[in-house]
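Listed below are the residues making up each chain.
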Amino acid sequence: LTIASSACNTNTLAILPTGLGKTIIAILVADSRLERYREGRILILAPTRPLTLQHYSSFKRFLTLPSNHFTALTGALNPDDRIDVWRSSQMIFATPQTVLNDVKAGRASLKDFVLVVFDEAHRCVKDYSYTELARLYMSQAEHPLILGLTASPGGSKERVEEITRNLFISKIEARSEDDKDVKPYIEETKIEWVKVR
């Protein structure tokens, strides 16, 4: 809740270990943005199709929007058919390359999106499609807000700075399993080591 409330107001990079609620943070921020901008739309980006579909299922489970407001958009759908999806869906879950292709071809506009979530935000370096999408979004959207999610932002200060620069991040919210506001909620995990040659 602390991270989500912060991320509702400024472009934020949330850095949390796997299983500590990055998706829930994104859902809370999306809900807040839709409450503020009723006609606004949300775009959730993930680098792989399975991860895209996982987010699609999670958001549908937790948000009370009608089922037809959610669309998982992948390159498997014919480009001409995607035009209707861009016009009619309030929450779109997609891989970045599909979105970038549609925006560049004029099939989609990012103007009325009030939140774009960049999952696996550590990929937003060099010429990965996240970088260009963030730039296009910030230049096109009337009410832009970016939320970057990652468990591992990179091993150097330079890498983190590149990600924050490319995603127009103003605030970083980082937590580990040892932080006092997180520790009470950590489930004990059992690790079984299997040695292979």
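Residues numbered from 1 in each chain as written. Predicted model: local features only at pLDDT ≥ 70, side-chain atom pairs only at ≥ 80, totals over all residues. Heavy atoms only, no water.

Undergrad: Just to check I follow, could you spell out the overall build of the protein chain for this structure?
TA: Broken down by element type, the protein chain carries 7 helices and 7 strands. Relative to its length of 197 residues, the protein chain is compact, with a C-alpha radius of gyration of 17 Å against a globular reference of 16 Å. Across its three principal axes, the protein chain shows a C-alpha extent of roughly 50 × 40 × 35 Å. Considering only contacts in the protein chain between residues 6 or more positions apart, those separated by 24 or more positions represent 72%. Accessible surface, the protein chain: about 11000 Å² in total, of which carbon and sulfur atoms supply 49%. Averaging the coordinates of the 26 positive side-chain charges in the protein chain and doing the same for the 24 negative ones gives two points 2 Å apart. (Helix = DSSP H or I, 4+ residues; strand = E, 2+ residues; numbered from the N terminus. Rg over C-alpha atoms; globule rule 2.2 N^0.38 Å. Contact = heavy atoms within 4.5 Å. Areas by Shrake-Rupley, 256 points an atom, 1.4 Å probe, with all protein chains shown as cover. Lys, Arg positive; Asp, Glu negative; His and termini not counted. Charge placed at Lys NZ, Arg CZ, Asp CG, Glu CD.)

Undergrad: Explain the nonpolar core here, please?
TA: Within soluble globular proteins, side chains that are nonpolar tend to cluster in buried spots. Of all hydrophobic cores here, the largest spans 30 residues; its most connected members are L43, V99, L110, F118 and L167. Looking at this core, the elements with two or more residues in it are β1 (12–15), β2 (41–45), α4 (79–88), β4 (91–94), α5 (96–104), β5 (113–119) and α6 (129–140). Ranked by the residues each element gives to this core, the list is headed by α6, at 5 residues. Each residue touching V99, except ones within four places of it in the same chain, is listed here: L43, L45, W86, A94, L110 and L133. (Core = buried A, V, L, I, M, F, W, Y, C linked by side-chain atoms within 4.5 Å. Buried < 20%, exposed > 50% of the residue type's maximum accessible area, 1.4 Å probe, protein only.)

Undergrad: How should I be thinking about the pairing of strand β6 (residues 146–150) in this particular structure?
TA: As a general feature of sheets, a regular strand has side chains that alternate between the two faces. In terms of burial, β6 is largely enclosed, as 5 of its 5 residues are buried. Residues I146, G148 and T150 point to one face of β6 and L147 and L149 to the other, with burial holding for every one of them. Here 4 bridges tie β1 to β6, and the two strands are oriented parallel to one another. Bridging across to β6, I15 finds its partner in T150. The handedness of the β5 to β6 crossover, carried by α6, is right-handed. (Pairing = 2+ DSSP bridges. Right-handed = clockwise from strand over helix to strand, strands pointing away.)

Undergrad: In this structure, what is going on with helix α2 (residues 22–36)? I would like to understand it.
TA: Every α-helix winds through 3.6 residues per turn, so residues three or four apart in the chain are directed the same way. Taking 1.5 Å per residue as the helical rise, α2 with its 15 residues ought to reach 21 Å, and the 21 Å between its terminal C-alpha atoms agrees with that figure. Within the sequence span of α2, burial applies to K22, I25, A26, I27, V29, A30, R33 and L34. (Expected span 1.5 Å × (residues − 1).)

Undergrad: It is not clear to me how a nonpolar patch on the surface should be interpreted in this structure. Could you clarify?
TA: Where nonpolar side chains cluster on the molecular surface, the patch consists of L1, I24, L28 and F62 and spans about 410 Å² of accessible area. Following the sequence through the fold, L1 ends up in the segment before α1 (2–7). (Patch = residues over 30% accessible without salt bridge, like charges linked within 9 Å, V, L, I, M, F, W, Y side chains within 5 Å. Salt bridge = Lys/Arg side-chain N within 4 Å of Asp/Glu carboxyl O.)

Undergrad: How should unusual backbone geometry be read in this particular structure?
TA: Glycine aside, residues mostly have negative phi, and peptide bonds are mostly found in the trans state. In this structure, E120 takes a positive phi of about 55° despite not being glycine. Tracing the sequence through the fold places E120 in the loop between β5 and α6. The phi angle at F168 is positive, at roughly 55°, despite the residue not being glycine. Tracing the backbone through its elements, the reader meets F168 in the loop between α7 (157–166) and β7 (171–174). For F168, a relative accessible area of 34% translates into the label partly exposed.

Undergrad: In this structure, what is going on with the pattern of salt bridges? I would like to understand it.
TA: Any two side chains of opposite charge can pair if their charged atoms end up close together. Tallied over the entire structure, the rule returns 11 salt bridges. Measuring nitrogen to oxygen at the nearest pair gives 3.4 Å for the salt bridge that ties K104 to E132. Residue K104 is found in helix α5, and its partner E132 is found in helix α6; the two are separated by 28 residues along the sequence. With its nearest N and O atoms 3.9 Å apart, the salt bridge here joins K157 to E161. Taken together, the positions of K157 and E161, both in helix α7 and 4 residues apart, correspond to about one turn of that helix. In the salt-bridge network here, residues are joined through shared partners; they are K171, E173, R175 and D181.

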